[in-house]
Amino acid sequence: MTKLAMEFLPGASAPTQGKVTVTAVSTTLLPAKRRAYLLLQNNSGSDIFIRLDGGTAVADATSFKVVSGGSLELTTYLSSLAVTGIVSAGTEDLTYLEA
């Protein structure tokens, strides 16, 4: 069993874990809020492209590519803006943990 260790900044919220649906149209995956920690895990069969600045996600080099089976973890210097995402085609799920 893998253990996840997290430190919380003063005023940060308790961790929240969930799943969001990503489509072939840029979508807000997580709303703007103050975060101390963010983990995005792609358990789908397609790559997911992520923007952390609230901008329109595009399936190209202007977005962070989270490959199928991969993850993106942020522990410092987190934006308080919305997280948006897109897939090249179809619909996929992205699991997240934020605090």
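Residues numbered from 1 in each chain as written. Predicted model: local features only at pLDDT ≥ 70, side-chain atom pairs only at ≥ 80, totals over all residues. Heavy atoms only, no water.

## Remarks on the pairing of strand 4 (residues 48–51)
Working step 1: Side chains of strand 4 alternate between two faces, with Ile 48 and Ile 50 and Phe 49 and Arg 51 buried alike.
Working step 2: One ladder, built from 3 bridges, connects strand 4 with strand 5 (residues 64–66); its direction is antiparallel. The residue bridging Phe 49 from the neighbouring strand is Lys 65, located in strand 5.
Working step 3: Across 4 bridges, strand 4 lies against strand 7 (residues 83–87) in antiparallel orientation. When the bridges of strand 7 are listed, Ile 50 appears paired with Gly 85. (Buried < 20%, exposed > 50% of the residue type's maximum accessible area, 1.4 Å probe, protein only. Helix = DSSP H or I, 4+ residues; strand = E, 2+ residues; numbered from the N terminus. Pairing = 2+ DSSP bridges.)

## Quick word on the sheet that holds strand 3 (residues 38–41)
Working step 1: Taken in spatial order, the 4 strands make up an open sheet running 1-8-3-6, and their pairing is antiparallel. In this open sheet, the two strands that pair with only one neighbour each are strand 1 (16–22) and strand 6 (71–74). Adjacent strand axes in the sheet meet at a mean angle of 15 degrees, parallel and antiparallel pairs treated alike.
Working step 2: Where strand 3 meets strand 6, 4 bridges bridge the pair, whose relative direction is antiparallel. Looking at strand 6, one finds that Gln 41 is bridged to Ser 71. (Axes fitted to C-alpha atoms, helices over the stretch in contact; angles between N-to-C directions.)

## Brief notes about the pattern of salt bridges
Working step 1: One pass over the structure, following the stated rule, counts 5 salt bridges.
Working step 2: A salt bridge links Glu 98 to Arg 35, with the nearest nitrogen and oxygen atoms 2.5 Å apart. In this pair, Glu 98 sits in strand 8 (residues 92–98) while Arg 35 sits in the loop between strand 2 (27–30) and strand 3, placing the two residues 63 residues apart along the sequence.
Working step 3: When its relative accessible area of 5% is taken as the criterion, Glu 98 is described as buried.
Working step 4: For Arg 35, a relative accessible area of 5% translates into the label buried.
Working step 5: A salt bridge links Asp 53 to Arg 51, with the nearest nitrogen and oxygen atoms 2.6 Å apart.
Working step 6: With relative accessibility at 40%, the residue Asp 53 sits in the partly exposed group.
Working step 7: The network of salt bridges with common partners includes Lys 33, Arg 35 and Glu 98. (Salt bridge = Lys/Arg side-chain N within 4 Å of Asp/Glu carboxyl O.)

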